[in-house]
Amino acid sequence: MTELRCRKTDSSEGEKEEDERQNELELETTQAREPLNAGDDGSASVGGDGDDEQQKDEGEVKEEDAQQKQDESNRPESSVKRSTCSSASGLLQRLARLFFGCLAAVACGVLYATYMSLYHDRKFWFSIRQEVEREITFQGGSGLYYYYYKHMLTAPSFERGFYELMLDNRTVSGQTINAVERLSLYPELITSFIYRVTDSQDFVEPIYFYVGAVFGLQAIYVTALFVCSWVMSGTWVAGLLTVSWYVINRPDTTKVDYAIPLRENWALPYFSCQVAALTGFLSNNISSATEMCCYLTLSATTFIFLLVWEHSHYVLFIQGLCLFFLDSFDLVSPRKMADIHKAYLGALFLAYLFQFQNPALLSSPLLSLLIGSVLARYFQQKMKMGPLVARVMKLFLHFYLVFTTGITFSYLVKKLIPVSESDFILKYLEVKFGLNTTTDFITNFLLCQESFQTPGQDLFLRLTQASVLPFYLLVLTVCLLSTLQTIYRRLSGQPMKTNLKLEDGRIGEQPEVIYHVFHTLLFGGLALLFDGMKYLWTPYVCMFTAFGVCSPDLWMTVFKWLKLKSIHPVVLSMILSTAVPTIIGFSLWREYCPRVLAELSDVQEFYDPDTVELISWIKSQAPVAAVFAGSPQLLGTVKLCSGSAVTSLPLYSDINLLRRTEDTYQVYSMRSAEDVYKILTAQKANYVIIEESICNELSLNKGCRIKDLLDIANGHVVYDKGEIYSFSKHGRFCHEIKMNYSPYTNYFTRVFWNRSYHVYKVNSVISFQY
């Protein structure tokens with residue numbers, strides 16, 4: 001165990017200065033005690049006795065001065081040597097602990113990346129697959145991003161490839177888009193640039209370089225979580241426990257298992273580094289150099305996080321709310337809050353420029369919160385002064401000013417710069433929270449996505465079985481109660497202690513701990529509403545819990561509340577902060593280590609022969625300029641493997657692409673052949689791919705099947721005694737077209753089929769056959 005907190009120790013020079021000051025004070029007091037001479041009136045009667053006493057005092061003072069000089073001459077030879085030796089040994093101990101802690105952090109990151117690489121290769125048999133089969137393993141439509149990485153490598157030069165992506169007319173049919181802005185392709189641009197510059201094509205395949213870059217970022221992710229728990233607890237045992245829980249709960253902490261190119265897998269490692277830097281920056285016990293290093297890291301990672309993920313500003317908004325509460329309750333230095341605001345604003349400005357003046361950043365809730373906070377602090381400069389009741393009243397007024405100003409600013413920006421995504425997000429939130437109902441396909445389609453649904457009980461069962469959740473609730477309860485005590489003391493006018501000691505038992509007075517309490521509460525509340533938010537919450541649950549059980553401050557806080565006297569609380573807290581994580585670590589190693597290693601030995605196989613056959617036919621039989629229509633996930637694979645243009649993309653943050661997706665899905669609705677033909681020709685589609693898994697979908701949740709959502713949006717449903725029945729004068733298109741009778745054969749010609757897919761050519765000339 002080692003400590004990262006920079007605690008000040010007395011050096012030998014400090015002891016010398018203290019001794020000199022003490023000697024000066026003693027000399028001044030002896031000089032002040034010199035007896036007064038006799039005056040003119042009535043002093044002769046006591047003159048003889050006063051002279052004798054004065055001579056005695058002067059003799060005693062001389063003896064004391066001589067003894068003091070002798071002590072001073074003897075003291076440097078012993079005390080200075082002892083202090084020098086102790087400071088040198090203490091420095092060596094700190095350096096050794098820091099070295100081994102950093103070594104453990106890096107080792108955990110490297111081992112995790114190696115493990116994920118081996119697991120990925122074992123799961124998909126990645127190393128023995130053909131190129132097309134490897135690309136198909138990028139599931140969930142995520143392979144679309146890898147297509148642009150390949151495009152950058154096949155371009156004549158990096159500049160030419162970048163220009164073609166900014167004016168891309170070969171992705172979405174009938175549209176010229178800026179793919180870099182629309183899809184946040186900076187990870188692919190940077191990775192392809194590094195691949196070119198380092199001449200890596202001589203010793204590694206492009207796909208392995210790409211996958212290795214993602215796994216390398218996951219190593220940084222784990223290392224940042226390690227460091228964060230280490231900084232907060234003061235011991236790198238907390239980091240080891242964090243990594244153990246993270247790996248054990250991997251299904252709930254990362255998506256890198258099955259969808260490597262997803263934006264989250266590129267962005268969240270930078271967010272983890274940003275949180276670790278913010279944790280160090282908020283700490284009171286750091287040097288100015290360390291504080292500056294944390295601030296620079298915070299600024300850089302915030303900018304990169306905004307750059308590589310289109311939803312990052314929403315995540316930073318939640319983080320900004322946590323910091324806003326810290327500032328409102330006067331729990332952090334105003335100077336540090338001003339510096340954080342500068343970092344946020346600078347990162348937003350640079351991201352706005354690098355994302356080609358993206359209007360979504362101007363109307364983002366993060367910018368609105370920053371504007372509201374700055375203006376409210378300007379108008380309420382004396383908010384943190386006065387008695388308890390007055391401060392509470394000012395606090396409510398502050399909240400009102402901040403959120404009113406932020407909402408007004410966002411409204412004005414949206415009026416001046418129309419943002420297409422704002423309306424459908426608001427409509428989605430209204431339906432999600434039961435404030436409204438709708439038959440709109442896009443809203444209901446998003447509600448049915450797994451990431452936007454409420455998480456099931458299995459999430460909490462898995463966390464409980466891994467012993468994370470019980471200890472998390474314990475740590476959160478102690479830290480939250482201590483934080484509430486600190487907030488009450490601050491509102492009552494009591495100052496915060498900057499140099500806390502273990503004996504104080506006030507874990508809730510550490511700004512970094514308070515931030516993480518707010519962080520885990522807000523993200524945990526969102527994780528209870530949206531299953532996809534667990535990937536932002538669960539990793540920090542592992543980190544926060546590991547910090548708590550390994551922190552002597554937490555146990556000391558509990559003992560201070562219990563007023564423990566039978567055993568010295570400091571000794572007991574040190575014992576528990578070592579014994580509890582040791583017991584947890586041993587139990588996890590005994591139960592889960594064989595399971596984790598068994599995942600590498602289990603023979604798994606992901607093979608989709610029907611999709612491989614479909615892609616092979618497209619590459620060999622379809623024209624190069626052909627346009628394909630189908631489900632967004634399948635079209636992402638088609639675009640990756642064949643390079644053909646498609647009618648839509650698996651991107652759920654763009655309302656225009658979602659509308660095109662709704663039109664393409666009409667092949668599974670109960671509409672006429674003529675209607676579907678008009679829709680597909682309007683999108684300039686040459687081929688349409690019908691999937692058996694969607695057409696004949698069987699699901700317990702009937703209301704979330706694609707065909708059910710289409711029937712509701714098209715008004716082809718009948719409600720009878722609480723049940724929903726589909727009804728239309730036309731049969732379901734995906735069923736009827738397989739019958740090969742008119743009028744379907746007039747508009748469409750089947751050119752390929754297997755067990756999973758049916759491909760129909762959209763006839764350019766209608767042949768009327770009866």
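Small disclaimer: the values here were computed from a predicted structure and weren't measured.

**A look at the environment of W266**
Considering the arrangement of structural elements, one finds W266 in helix α10 (residues 263-282). When its relative accessible area of 6% is taken as the criterion, W266 is described as buried. It is 10.0 Å that separates the C-alpha atoms of W266 and E188, two residues lying 78 residues apart in sequence. What W266 contacts, discounting residues up to four positions off in sequence, is P187, E188, T191, Y210, A213, V214, L217, I260, P261 and V308.

**Examining a nonpolar patch on the surface**
Side chains of L426, L429, F433, L435 and L529 sit close together on the surface and give an oily, nonpolar patch of about 460 Å² of accessible area. Accessibility expressed as a relative area gives 44% for F433, which makes it partly exposed.

**Comments concerning the pattern of salt bridges**
Scanning all chains against the criterion turns up 28 salt bridges. Here D257 and R250 are joined by a salt bridge, their closest N and O atoms 3.2 Å apart. Among the residues examined, D257 registers a relative accessible area of 11% and is labelled buried. Between D252 and K534 there is a salt bridge; the shortest N-O distance is 3.2 Å. Linking D252 in the loop between α9 (237-248) and α10 with K534 in helix α22 (residues 534-550), this pair joins segments that are 282 residues apart in sequence.

**A closer look at the confidence of the model for the chain**
Here the chain averages 84 in pLDDT, while 86% of its residues score no lower than 70. In the model, residues 71-76 has pLDDT below 50 throughout and makes four contacts with residues more than four positions away in sequence or in other chains.

**Focus on the packing of aromatic side chains**
Applying the stated rule across the entire model yields 45 aromatic pairs. Their ring planes at 75° and their centres at 6.1 Å tell us that Y677 and F748 sit as a pair that is edge-to-face. Note that Y677 is positioned in helix α28 (residues 673-682) and F748 in strand β6 (residues 748-753), a separation of 71 residues in sequence. Here Y677 falls in the buried class, since its relative accessible area comes to 10%. In this structure F748 comes out as buried when scored by relative accessible area, which is 4%. Across the ring face of Y119, the terminal group of R250 is positioned such that the distance to the ring centre comes to 4.9 Å.

**Looking at the nonpolar core**
Core analysis: the biggest nonpolar cluster contains 197 residues, and F628, Y668 and F748 have the highest contact counts within it. At 13 residues, the largest contribution of residues to this core is made by helix α8 (residues 206-233).

**Focus: the environment of A351**
As for its placement among the helices and strands, A351 is situated in helix α13 (residues 334-354). Counting along the chain gives 43 residues from A351 to V308, while the straight-line C-alpha distance between them is 9.5 Å. When residues no more than four places from it in sequence are discounted, the contact partners of A351 are F303, L306 and L361.

**Description of the state of the cysteines**
Taken as a whole and assessed by the stated rule, the structure comprises two disulfides. Shown here is the disulfide that connects C448 with C704, its sulfur atoms set 2.1 Å apart. Because the torsion about its S-S bond is -80°, the bridge between C448 and C704 counts as left-handed. Linking C448 in the loop between α18 (441-447) and α19 (457-465) with C704 in the loop between α29 (692-695) and α30 (706-714), this pair joins segments that are 256 residues apart in sequence. In this structure C704 comes out as partly exposed when scored by relative accessible area, which is 22%. Disulfide partner of C695: C734, at an S-S distance of 2.1 Å.

**Some points on the sheet that holds strand β2 (residues 645-646)**
Taken together, five strands build an open sheet; the order of strands is β2-β1-β3-β7-β6 and the sheet is mixed. The open sheet is flanked by β2 and β6, the only strands paired with a single partner. Two elements, strand β1 (residues 627-629) and strand β3 (residues 687-691), share two bridges in a ladder whose sense is parallel. By the bridge assignment, F628 is partnered in β3 with Y687.

**Remarks on the environment of G505**
Inspection of the secondary structure assignment puts G505 in the loop between α20 (468-491) and α21 (511-527). Here G505 falls in the buried class, since its relative accessible area comes to 9%. Separated by 64 residues in the primary sequence, G505 and P569 place their C-alpha atoms 9.6 Å from one another.

**Focus: helix α26 (residues 632-642)**
Of all 11 residues making up α26, nine are buried, and the element is well covered by its neighbours. Of the residues making up α26, those classed as buried are P632, L634, L635, G636, T637, V638, K639, L640 and C641. Taken from the residues just after α26, G643 is the one with a positive phi, measuring 80°.

The rules we used
The written sequence of each chain sets the order in which its residues are numbered from 1. The model is predicted, so local features are restricted to residues of pLDDT at least 70 and side-chain atom pairs to those at 80 or more, both for listing and for counting; the totals for chains, interfaces and linings are taken over all residues. Hydrogen atoms and water are omitted, and side-chain values are computed over all heavy atoms in the structure. Secondary structure elements are defined from DSSP: runs of H or I of at least 4 residues count as helices, runs of E of at least 2 residues count as strands, and each element is numbered from the N terminus. With a 1.4 Å probe rolled over the protein chains alone, any residue whose accessible area is under 20% of its type maximum counts as buried; one over 50% counts as exposed, and the rest are partly exposed. Any pair of residues with heavy atoms lying within 4.5 Å of one another is described as a contacting pair. Each patch is built from residues that are more than 30% exposed by relative accessible area and take part in no salt bridge. Like charges join if they lie within 9 Å; nonpolar side chains (Val, Leu, Ile, Met, Phe, Trp, Tyr) join within 5 Å. Only the protein chains shown count as covering a residue, and every accessible area follows the Shrake-Rupley method with a 1.4 Å probe. Any carboxyl oxygen of Asp or Glu within 4 Å of a side-chain nitrogen of Lys or Arg constitutes a salt bridge here. Confidence of the predictor in every single residue is expressed as pLDDT, which spans 0 to 100. Centres within 6.5 Å make a pair out of two Phe, Tyr or Trp rings, where for Trp the six-membered ring is used; the pair is then stacked when the planes are under 30 degrees apart, edge-to-face when over 60, and tilted otherwise. Cation placement over rings: the criterion is NZ of Lys or CZ of Arg within 6 Å of the ring centroid and within 35° of the ring normal. Among buried residues, those of type Ala, Val, Leu, Ile, Met, Phe, Trp, Tyr and Cys that are joined through side-chain atoms within 4.5 Å constitute a nonpolar core. Disulfides are defined as pairs of cysteine sulfur atoms found within 2.5 Å of each other. Note: two strands are recorded as paired if DSSP finds a minimum of 2 bridges between them.

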